[in-house]
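Chain residues, written in single-letter form:
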Amino acid sequence: SQTIHQWPATLVQPVGSPLSLECTVEGTSNPNLYWYRQAAGRGLQLLFYSVGIGQISSEVPQNLSASRPQDRQFILSSKKLLLSDSGFYLCAWSGGVSDEQFFGPGTRLTVL
Amino acid sequence: GDSVTQMEGPVTLSEEAFLTINCTYTATGYPSLFWYVQYPGEGLQLLLKATKADDKGSNKGFEATYRKETTSFHLEKGSVQVSDSAVYFCALSDHNYGQNFVFGPGTRLSVLP
C-alpha cells in the first residue's frame, strides 16, 4: 500500500533563517506531488506541484521554492523565512488508478 | 476556471443533530467530487467521493450525492457525534485538465455534547 511521510512534524525557526521540508511517498511510482500551505483557520493554498523529476510548477510567487530530486521525493525550501511563512504545510500525491489526492500528516512551521 | 464554493462556517451543532454542509462547483469538464475531513493538527483524509452524476458517496454515516443538474455535492449526516468535530473540505478533480484539483475553503464543524 501507498504511504506518504513528511518531516519534521513541527519546526520553530527565526525570521531570516533557511527552511527545508521533506516529503516522500512509498508504494507508487511517478506520482504527481503537491505542496500546500494552510494558515491558521484558513483553507488550503496550493504552492507547488510536480508531474515528474525536475518538473516544478509554482502557483504563488513568494520566497519559497520546491525541488523534486527523485521520483518520490519532494522538498520545500526557503533561503530566508518571513513571519508570514508560518503555517501548516501539507504534502500530497495523486496518480495511479485513483483520481483522488492523498495527504501527508503535515508540518507545523512557526517563524518567530 | 474550475471552482468550489462551500457554506461559510463555523457550524455548531448539538450531538445527534442532523448535518448539512452545502457545496457547489463550476467545472468545464466532467469532474470527480470529493469530501475531505481534517481533524485538529492532522492532514486531510478522504471521507467520500463520487465520480459521475447521480453517484452517492458514503462513509462513516456521511453521504453526498453528485447532482449535475444543480452542480452540487452537499454533505449530510443524520446524527452527528462529538468526534465528528473537524474541518470539512469539498473538492473536485477535473480529468479534462490532467490532475487539476480544486478545494473549497473548508467548513469548521463543532459538535457539542
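You'll find the structure just up there.
Cut-off values and rules
- Counting starts from 1 at the beginning of each chain's written sequence and moves along it residue by residue.
- Written order decides the labels, with chains lettered from A and ligands numbered from 1.
- This being a predicted model, a pLDDT of at least 70 is required before a residue's local features are given, and a value of 80 or more before pairs of side-chain atoms are given or counted; all residues contribute to the totals for chains, interfaces and linings.
- Side-chain metrics in this entry use all non-hydrogen atoms of the structure; hydrogen atoms and water are not considered.
- Only DSSP runs of H or I with at least four residues qualify as helices, and only runs of E with at least two residues qualify as strands; both kinds are numbered from the N terminus onward.
- Working definition: with a 1.4 Å probe on protein chains only, accessible area under 20% of the residue-type maximum means buried, over 50% means exposed, and in between means partly exposed.
- Contacts are assigned to residue pairs with any non-hydrogen atoms lying within 4.5 Å of each other.
- Accessible-area loss on putting two parts together, using a 1.4 Å probe and summing over both, is the definition of buried area adopted here.
- A pairing counts as a salt bridge when a side-chain nitrogen of Lys or Arg comes within 4 Å of a carboxyl oxygen of Asp or Glu.
- Contacts described as polar in this section are N or O atom pairs within 3.5 Å, which, within protein, must combine one atom able to donate a hydrogen with one able to accept it, while residues neighboring in sequence count only if both atoms come from side chains.
- Residues are grouped as follows: nonpolar covers Ala, Val, Leu, Ile, Met, Phe, Trp, Tyr, Cys and Pro; charged covers Asp, Glu, Lys and Arg; every other residue, Gly included, is treated as polar.
- Pairing between strands is defined by DSSP: at least two bridges between the two strands are required.
- Lines fitted to C-alpha atoms define the axes here, with helix axes fitted over just the stretch in contact, and angles between the N-to-C directions of these axes take values from 0 to 180 degrees.
- We place a 1 Å grid over just the protein atoms. Points where a 1.4 Å probe fits but has no way out form a cavity, open points with protein on both sides within 12 Å along at least 5 of 7 lines form a pocket, and any residue with an atom within 4 Å of a point lines it.
- Grid points are joined across faces, edges and corners, and a volume is the space filled by probe spheres set on the points.

In terms of regular secondary structure, chain A is built from 0 helices and 11 strands. When the helices and strands of chain A are listed from N to C terminus, the series reads β-β-β-β-β-β-β-β-β-β-β. Dimensions of chain A, computed from C-alpha atoms along their principal axes, come out at roughly 40 × 25 × 20 Å. Going through the 112 residues of chain A one by one, you find that 46% of them count as buried. Sequence separation of at least 24 residues holds for 54% of the intrachain contacts in chain A that already meet a minimum separation of 6.

Our focus in this paragraph is the interface of chain B and chain A. One frequent convention defines the size of an interface as the accessible area lost when the parts assemble. Contact residues are listed per partner, giving 19 residues for chain B and 18 residues for chain A. For the chain B and chain A pair, buried surface summed over both sides reaches about 1,300 Å², with 53% attributable to carbon and sulfur atoms. For the pair chain B and chain A, the number of links is 1 salt bridge. Close ionic contact of Glu100(A) with Lys49(B) constitutes a salt bridge, the shortest N to O distance being 3.1 Å. Here chain B and chain A share 3 residue pairs in polar contact (both at pLDDT 80 or more) between them. The element contributing the most residues to the side of chain B that touches chain A is strand S5 (residues 32-38) of chain B, with 4 residues. Of the residues contributing to the side of chain B that touches chain A, the split by class is 8 nonpolar, 8 polar and 3 charged.

Glancing now at the sheet that holds strand S7 (residues 64-70) of chain A. Residues and elements named next belong to chain A. Judged by pairing direction, the sheet is antiparallel, and its 4 strands sit side by side in the order S1-S3-S8-S7 without closing on themselves. Pairing within the sheet leaves two strands with one partner each, and these edge strands are strand S1 (3-7) and S7. Looking at each pair of strands side by side, their axes are set apart by 20° on average, direction ignored.

In this model, the largest pocket occupies a volume close to 440 Å³. For the largest pocket, the lining is made up of 24 residues, of which Gln38(A), Gly41(A), Arg42(A), Val87(B) and Arg108(B) are closest to its centre. Elements with a contribution of two residues or more to the lining of the largest pocket: strand S10 (86-94) and strand S12 (107-112) of chain B. Of all the elements, S12(B) adds the most residues to the lining of the largest pocket, at 3 residues. When grouped by side-chain class, the residues that make up the lining of the largest pocket number 10 nonpolar, 9 polar and 5 charged.

By themselves these figures say nothing about function.
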